[in-house]
Amino acid sequence: MTTYNIALLAGDGIGPEVMAEAVKVLKLVEKRNADVNFELNDVLFGAVAYFATGKAFPDETKAACDKADAILKGTIGLSHEDSKKIPVDEQPERGALLPLRRRYNTYANFRPVYLPKSIAHFSPLKASVVGEGIDIMLIRELVGGLYFGKKETGINSEGKRYVHETLEYDEDQIRQIVRVGFEVSMKRKKVMHNIHKSNVLKSSVLWNEIVEEEKKNFPEVEVINILVDAAATYLCLKPTMFDVMVMENMFGDILSDQAGGILGSLGLMPSACKGPEKSYYEPSHGSAPDIAGKGIANPYSMIGSVALMLEMSFGMEKEAKNLWAAMQGVFEDGYSTSDLSKEGDANLVSTAEFGDMVCEKLAKMPV
Ligand code: IPM
Ligand code: MN
């Protein structure tokens, strides 16, 4: 029997609702796999933690994450107005999420842009563009670049307010994420799109040098270099031309949201954030305060993050595949939630009912 300790960081907004469905799934997976035991540890994170303890990432949560085998995070953040109730440095993005990424050096962010035919109707793209379906693994560097660089604001010698932010990468940081890109490419179609902006940014010049160097270790992988702005266009025009895409932090932030748009919703994009020792898993969408508490948020992205955790942290690849299939099966049967679909387009069910249906499907699959 293997026991896995999982820290659950439900967070704010719709976080607790979608997390409840993830927990349902985990309990079922535990029941189906007699040799696996999950120890679930619920802890505070985000605005909810700030209001309870004065810290968005409290020490108790850090301790729970430190001892966990994997971390499953819901969503964090408040509406623009409510955010003002929290001092800038304790606002959940700056006070909890970025420190979580830094603490575990989760440099590799995997965002599957997966749109099989069964859920292609969610995409705003024409059927002729979606073709047989979209299946991209977008890999984003997650702990470097502009988001983590030194920042300075002040008044300059001309009396004007100014801001100075720095984009820094060293070759080791680039190399480790580029390697991840190559390794994932080797397991997939052996074609990697390297996203850069070397016609302007020196950081991309260094990035591309490292890609060239690392390519020597992966001679079978074809590297296609593409400027980030062009990649944005092609993601819309011809998304099926991509398989693995690798890029730095801010490019990945923006292109992965665009990819969410291509799927039809960020609610259809789970994610994994992998560090050298620890990984955490989270839906790519935000806390959606406008629909929180209504029971209409689709838990696909949250449950998909469980699937990624099963595969990447616990080596349960088969069960992860089953879970993906179970989720798709619910959509194939014509069910959806009202955040994703209108009445008439689908049979609308609640967040909890959707989670129940996923569990019903999973329960019927051979382990
Ligand atoms: C994401 C989010 C975060 C990011 C925010 C909440 C800081 O948008 O995970 O993409 O920009 O990395
Ligand atoms: Mn983002």
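Trainee: Before we go on, may I ask you to explain the overall build of the protein chain in this structure?
Mentor: Helices and strands together make up the secondary structure of the protein chain, namely 13 helices and 14 strands. The globule rule puts the C-alpha radius of gyration for 367 residues at 21 Å, and the 21 Å found for the protein chain is close to it. Counting only C-alpha atoms and orienting by the principal axes, one finds that the protein chain spans roughly 65 × 50 × 45 Å. Looking at the protein chain as a whole, 54% of its 367 residues qualify as buried. Restricting to contacts in the protein chain with at least 6 residues of sequence separation, those with at least 24 account for 75%. Carbon and sulfur atoms make up 51% of the accessible area of the protein chain, which amounts to about 16500 Å² in all.

Trainee: Would you take a moment to explain the packing of aromatic side chains for this structure?
Mentor: The geometry of an aromatic ring pair is captured by two quantities: the separation of the ring centres and the angle between the planes. Inspection of the entire model under this criterion finds twelve aromatic pairs. Seen from their ring centres, tyrosine 4 and phenylalanine 314 are 4.0 Å apart, and the 20° between their planes marks the pair as stacked. Remark: phenylalanine 314 occurs in the loop between α11 (300–312) and α12 (317–332) and tyrosine 4 occurs in strand β1 (residues 2–11); sequence separation between them is 310 residues. There is no split in this pair, since tyrosine 4 and phenylalanine 314 are both buried.

Trainee: What is the right way to read the domain arrangement of the protein chain from this model?
Mentor: Interface size is commonly expressed as the accessible surface area that is lost when the partners come together. Annotation of the protein chain at the domain level lists domain 1 (1–106 + 275–367) and domain 2 (115–266). Distance from the C-alpha centre of domain 1 to the C-alpha centre of domain 2: 24 Å. Across the boundary between the two partners, domain 1 contributes 16 residues, which contact eleven residues of domain 2. Summed over both sides, the interface of domain 1 with domain 2 buries roughly 1200 Å², with 69% coming from carbon and sulfur. At the junction of domain 1 and domain 2, the tally comes to one residue pair in polar contact (both at pLDDT 80 or more). Breaking the side of domain 1 that touches domain 2 down by element, the ones donating at least two residues are α5 (92–103), α11 and α12. Looking at side-chain class alone, the side of domain 1 that touches domain 2 contains five nonpolar, eight polar and three charged residues.

Trainee: In this structure, what is going on with the pairing of strand β12 (residues 279–283)? I would like to understand it.
Mentor: Each regular strand displays side chains that alternate between the two surfaces of the sheet. Within β12, five of the five residues are buried, which leaves it mostly tucked inside the rest of the structure. With burial as the criterion, each face of β12 is covered, one bearing Ser279, Tyr281 and Pro283 and the other bearing Tyr280 and Glu282. Here two bridges tie strand β3 (residues 70–75) to β12, and the two strands are oriented parallel to one another. Across the sheet, isoleucine 71 pairs through a bridge with tyrosine 280, a residue of β12. Note: strand β11 (residues 270–274) against β12, five bridges, orientation antiparallel. Considered in β12, the bridge of cysteine 273 is made with tyrosine 280. Here β11 hands over to β12 after four residues, the two strands then running antiparallel side by side.

Trainee: Can you help me understand the site of ligand 1 in this one?
Mentor: Taken together, Glu93, Leu97, Arg101, Arg111, Arg140, Tyr147 and Asp253 make up the full set of residues near ligand 1. Within the side chain of arginine 111, an N or O atom sits 2.8 Å from an oxygen atom of ligand 1. Out of a free accessible area of 320 Å², ligand 1 has 73% covered by protein chains. Among the cavities detected, the one that contains ligand 1 is the second largest pocket. In terms of residues, the shell around ligand 1 owes the most to one element, α5, which gives three residues.

Trainee: Mind showing me how you'd approach the packing of α11 against α12 here?
Mentor: A pair of packed helices can be characterised by two numbers: the angle between their axes and the separation between those axes. Look at α11 against α12: their axes get within 7 Å of each other, and the N-to-C directions meet at 165°. In this view, α11 runs roughly antiparallel relative to α12, as classed from their interaxial angle. Where α11 crosses over α12, the two elements pack in a sense that is left-handed. Here α11 contributes Tyr300, Ile303, Gly304, Val306, Ala307, Leu308, Leu310 and Glu311 to the contact with α12, which in turn contributes Glu317, Glu319, Ala320, Leu323, Trp324, Met327, Gln328 and Phe331. Of the residues in the contact of α11 with α12, the class split is eleven nonpolar, two polar and three charged.

What counts, and where the lines are drawn
Residues numbered from 1 in each chain as written. Chains lettered and ligands numbered in written order. Predicted model: local features only at pLDDT ≥ 70, side-chain atom pairs only at ≥ 80, totals over all residues. Heavy atoms only, no water. Helix = DSSP H or I, 4+ residues; strand = E, 2+ residues; numbered from the N terminus. Rg over C-alpha atoms; globule rule 2.2 N^0.38 Å. Buried < 20%, exposed > 50% of the residue type's maximum accessible area, 1.4 Å probe, protein only. Contact = heavy atoms within 4.5 Å. Areas by Shrake-Rupley, 256 points an atom, 1.4 Å probe, with all protein chains shown as cover. Phe/Tyr/Trp six-rings, centres within 6.5 Å; stacked < 30°, edge-to-face > 60°. Domains from an automatic or database assignment. Buried area = accessible area lost by both parts, 1.4 Å probe. Polar contact = N/O pair within 3.5 Å; in protein donor to acceptor, adjacent residues only side chain to side chain. Nonpolar A, V, L, I, M, F, W, Y, C, P; charged D, E, K, R; others polar. Pairing = 2+ DSSP bridges. Near = heavy atom within 4 Å. 1 Å grid on protein atoms, 1.4 Å probe; cavity = no way out; pocket = protein on both sides within 12 Å on 5 of 7 lines; lining within 4 Å. Sits in = over half its atoms within 2 Å of the grid points. Axes fitted to C-alpha atoms, helices over the stretch in contact; angles between N-to-C directions. Parallel < 35°, antiparallel > 145°, perpendicular 65-115°, else oblique. Left-handed = near helix turned anticlockwise from the far one by under 90°.

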